[in-house]
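# Descriptive analysis of the structure
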Amino acid sequence: MKKITIAVLSIFTLLSSPILLLANLKLPSVFTDGMVLQQESSVAVWGLASSNVKVEVFSSWSHQTYYTTSDQQGHWKININTTKAGGPYQLIIKDDQSKITLSNVLIGEVWIASGQSNMAMSMKGLSAKEPVLHSDSILATANNDQIRFFTAPQTSWAQPMQAYRKTNWISASPTTARNFSAVAYTFANELQKKLKIPVGIIQVAWGGTFIQSWMSAKSLQAFPEVKLLPQSDVAFEDKNTPSGLFNGMINPLIGYGIKGVIWYQGEQNVRDPKLYAKLFPLMVKDWRSLWGQNFAFYYVQIAPWDYKSVNHKAPWLREVQLNALNEIPNAGMAVLTDIGMENTIHPPDKQTVGQRLSYLALQQTYGQTKIKAQGPTFHQLKIKDNQLWLTFTHHEGLHLTEPESSTFEIAGADQVFYPAQVTISKKGLVLTSPKVTKPLAARYAYNGWIKGNLYNKYGLPASSFRTDNWEIKPQ
């Protein structure tokens, strides 16, 4: 294991103290001027003081003072009640020697945005060759103090950290939003427009990362194939060291009041869908347990792309993500079968991704049931002579945008798939092929790179799927 030097570690330790070092009273940097607190909740506030001293927290929205006492090591934590969305307010924290006043505090809806590069990708794009679609027009209207971002430093650490290096909450503007996650900004913007209340995003993302790095060491102990390294107060050089990002980026947030999480990750785990099927639901369960809250969890199914030698495993991982909806309660999945790009793993259309995540939140979390959030979902297969009949849920206005494409395939007992002819019926789809006289199974968009074309009338796409459970073979 490669570690940073003692000199660099000392500098990092100093930087990680978010308040002036001369003061006894210190707060983690997620508690700063301009922060957003979750509305109508009991939210935690915590920090450091001298040992065994009384700490007071005063909220200007309720004019109420809360009291607690620091422990022997100076740690303290207290829960305070928030009101309905509004602000700006003040939060005043005092001990026997110091006072910290946090100003311009808003109360609204708080979401964590996590994952790898497609979540981390900012509005300014990754490069001239990997831009964000329509970013100029989106940024031109991004002047909105009701949307605020806290971007966690990208840190992989060998034991759970208690605080980040100094980082601030930042309000959205054409200048600042260039550096915000494009997916998360669109999500926040849609919520803010629909709910008309402040929205805070805590951006915790890093490109090219395995899910194992985002999971706690405790949750990974049951997986001998995941090699955990000993805990120590040093940085991991490799961002993909198991539990490193959990320690450095998730642990400092645990307990901060949130409404939910949006998650865009999986591309890095394409080579092992079987393991991902076990790890993904476990990660969500573990995070919720640590927060003590069954918060909403909305995630993005990875988009089609040419994965070369593992092209056959990419749709399998998408299938794992689809099936995870049966294992993760209070969750939803945004489908991207229609916006992938063959020449880049970073689809430029991040606006559609953020919008589809917002539809899930608005429908399932905020009760706006008129908003449609799900595309056609395969329900049942029936075999009638040489035809396969497929039915779907969320099938209203089922249609194919390119009827002659070969997104659907069928196979018989030999398990060899051929392009299918598709007819739309009142109840779903009918598939046939002159090369398959006795069909048994169907697959849709089941390839690493493919352009999905099955939608319902709300313009929402169907996930790739298959009706068989045969061994996945290289194409």
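Please refer to the structure placed before this passage.
## Section: the overall build of the protein
For the protein, the helix and strand inventory stands at 9 helices and 23 strands. A compact globule built from 475 residues would reach a C-alpha radius of gyration of about 23 Å, and the protein, at 24 Å, matches this within 12%. Projecting the C-alpha coordinates of the protein onto the three principal axes gives extents of approximately 85 × 50 × 40 Å. For the protein, contacts bridging at least 24 residues in sequence account for 73% of all contacts bridging at least 6. Here the protein contributes 44 positive and 32 negative side-chain charges, whose respective centroids are spaced 3 Å apart.

## Some thoughts on the nonpolar core
When a protein is soluble and globular, its nonpolar side chains tend to lie buried together. Ranked by size, the top nonpolar core spans 79 residues in total, and within it W76, I202, W214, Y256, W263, F280 and M283 carry the most contacts. With 8 residues, the single largest contributor to this core is helix α7 (residues 273-291).

## Section: the sheet that holds strand β15 (residues 387-393)
Strands sit in the order β14-β15-β20-β19 across an open sheet of 4 strands; the sheet is antiparallel. The open sheet has two free edges, formed respectively by β14 (377-384) and β19 (421-424), since each of these has just one partner strand. Mean inter-strand twist for the sheet, computed between neighbouring axes without regard to direction, equals 25°. Summarising the sheet, β14 and β15 pair through 7 bridges and their orientation is antiparallel.

## Quick word on the packing of α7 against helix α8 (residues 314-323)
Packed helix pairs are characterised by how far apart their axes lie and by the angle those axes make with each other. One way to put it is that α7 packs onto α8 with a least axis distance of 9 Å and a crossing angle of 20°. As far as their axial angle goes, α8 and α7 are roughly parallel. In the packing of α7 onto α8, the handedness of the crossing is right-handed. Contact residues: α7 offers P273, K274, Y276 and A277, while α8 offers W316, L317, V320 and Q321.

So, how was this worked out
Within any chain, residue numbers begin from 1 and follow the written order of that chain's sequence. Owing to the predicted nature of the model, reporting of local features is limited to residues with pLDDT of at least 70; listing and counting of side-chain atom pairs is limited to 80 or more, with chain, interface and lining totals taken over all residues. Excluded from the side-chain calculation are hydrogens and water; included are all heavy atoms of the structure. The numbering of helices and of strands both runs from the N terminus, where a helix is a DSSP run of H or I of at least 4 residues and a strand a run of E of at least 2. Throughout, the radius of gyration refers to the C-alpha atoms, and the reference size of a globule is 2.2 Å times the residue count to the power 0.38. Whether two residues touch is decided by their heavy atoms; if any such pair falls within 4.5 Å, the residues are in contact. Charge convention: Lys and Arg are scored as positive, Asp and Glu as negative, and His as well as the terminal groups of each chain are ignored. By convention, the point assigned to a charge is CZ for Arg, NZ for Lys, CD for Glu and CG for Asp. The definition of a nonpolar core used throughout is a set of buried Ala, Val, Leu, Ile, Met, Phe, Trp, Tyr and Cys residues joined through side-chain atoms within 4.5 Å. Throughout, exposure labels follow a simple rule: accessible area from a 1.4 Å probe, protein chains only, divided by the maximum for the residue type, with under 20% read as buried, over 50% as exposed, and the rest as partly exposed. Think of it this way: DSSP has to see at least two bridges between two strands before they count as a pair. Angles run from 0 to 180 degrees between N-to-C directions of axes, and those axes are lines fitted to C-alpha atoms, restricted for helices to the stretch in contact. Roughly parallel refers to an angle under 35 degrees, roughly antiparallel to one over 145, roughly perpendicular to one between 65 and 115, and oblique to any angle outside these ranges. Crossing handedness: left-handed means the near helix sits turned counterclockwise from the far one by under a right angle, and right-handed means the same turn made clockwise.

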